[in-house]
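# Reading the structure
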Amino acid sequence: MIGIIAGSGLYEMEGIVIKETRKVETPFGEPSDSYRIGKIAGTEVAFLPRHGSPHHIAPHKINYRANIWGFKELGAERIISVSAVGGISHEMTPGAIVVLDQIIDMTEGREFTFYDRDEIVHIDFTEPYCPELRAAIINAGKRSVAKLKERGTYLCVNGPRLETAAEIKAFSLLGADVVGMTGMPEASLARELEICFAGIAVVTNCAAGISEKKLTTTEVMETMAKSVEEIRLILKDTFHAVLSQRTCGCKDALRDARM
Ligand code: HPA
């Protein structure tokens, strides 16, 4: 099974039939919503709207542990996360779709690990996204997306406020290409459960101070809505291409990670 975490709307995809919605209980509380289970190209998929539906959970209030645990409970071996970001580096202009390859985590106060009790685990996170899943997404994206970026460093802020111009300048010096509020701890929690994880970011706006324009959530929503069709095409082609057997290291992330 492949899990998709995204905004609402994406699961209304042509060629996908949602068979059921499944509510999952986890030791970490409730996921953002019920999981929508369907089938596409012979592969089972489970969609979860990250912010609930309708959209009502702020980025710093999302129960990331429950969301990722719920996917594991359903049998997902891979998760594709789709999110909106602000563009920092010059090629990250609104409408660009980025297959992320690196992360800088600046979040605070979030529950970010499954291992905060008796067991001490240090997962390797040198490459935060699954290389195999990234390759499948890039291949799919090349066919259907005009402004596909094959790599990009995602800097995760806590939100819910947007950034200052000086923060964005500093993030640029740090090597960030895009900025968002939800990429972490999704990625590291998936690794802790040995689930392959990839991030597709839609650049919805220029980050603070990059353009003269005032940042608005309306712009974010409108650009996201315009990109939905391209995201659907990428996902569909990725589902077709992805192999049933995993050959990457994600499935063995806990080997040699326990103290
Ligand atoms: N900053 C942080 N998160 C975002 C942005 C942004 O400019 N756009 C979409 N999500």
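Numbers given to residues run from 1 along each chain, matching the order in which its sequence is written. With the structure being a predicted model, the display of local features is reserved for residues of pLDDT at least 70 and the display and counting of side-chain atom pairs for 80 or more, all residues being used for whole-chain, interface and lining totals. The basis for every side-chain value is the complete set of heavy atoms in the structure, and neither hydrogens nor water enter the calculation.

Each helix is a run of DSSP H or I of at least 4 residues and each strand a run of E of at least 2, with the numbering of both proceeding from the N terminus. Mapped onto the elements of the fold, Asn67 is located in helix H1 (residues 64-74). With residues up to four places along the chain from it excluded, the contact list for Asn67 reads Pro31, Ser32, Tyr35, Leu48, Arg50 and Ile62. Any two residues whose heavy atoms approach within 4.5 Å at even a single point are treated as in contact.

Time to look at the pattern of salt bridges. The salt bridge definition used is simple: a Lys or Arg side-chain nitrogen within 4 Å of an Asp or Glu carboxyl oxygen. One pass over the structure, following the stated rule, counts 16 salt bridges. Residues Arg22 and Glu20 are paired through a salt bridge, measuring 3.0 Å at the closest nitrogen-oxygen approach. For Arg22, a relative accessible area of 33% puts it in the partly exposed group. Arg161 is the partner of Glu167 in a salt bridge, and the nearest nitrogen-oxygen pair spans 2.8 Å. Burial classes: relative accessible area under 20% of the type maximum marks a residue as buried, over 50% as exposed, and values in between as partly exposed (1.4 Å probe, protein chains only).

Within helix H4 (residues 183-192), 10 of the 10 residues are buried, leaving the element largely enclosed by the surrounding structure. Residues Gly183, Met184, Pro185, Glu186, Ala187, Ser188, Leu189, Ala190, Arg191 and Glu192 constitute the buried set of H4. The inward-facing, buried residues of H4 abut strand S1 (2-6), H1, strand S5 (78-87), strand S7 (102-105), strand S9 (153-156) and strand S11 (196-206). Phi turns positive one or two residues past the end of H4, at Glu194, with a value near 60°.

Turning next to the packing of helix H2 (residues 131-144) against helix H5 (residues 217-241). Axis separation between H2 and H5 bottoms out at 8 Å; the angle between their running directions is 125°. With respect to their mutual orientation, H2 and H5 come out oblique. With respect to the hand of their crossing, H2 and H5 are arranged in right-handed fashion. Contacts between H2 and H5 involve Leu133, Ala136, Ile137, Ala140, Gly141, Arg143 and Ser144 from the first element and Glu230, Leu233, Ile234, Asp237 and Thr238 from the second. Of the residues that constitute the contact of H2 with H5, the class distribution is 6 nonpolar, 3 polar and 3 charged. Inter-axis angles, ranging from 0 to 180 degrees, are taken between N-to-C directions of lines fitted to C-alpha atoms, where helices are fitted over the stretch in contact. These descriptions rest on fixed angle ranges, namely under 35 degrees for roughly parallel, over 145 for roughly antiparallel, 65 to 115 for roughly perpendicular, and the rest for oblique. Here a crossing is called left-handed whenever its near helix is offset anticlockwise from the far helix by less than a right angle, and right-handed whenever the offset is clockwise. Nonpolar residues are Ala, Val, Leu, Ile, Met, Phe, Trp, Tyr, Cys and Pro. Charged residues are Asp, Glu, Lys and Arg, and all others, Gly as well, are polar.

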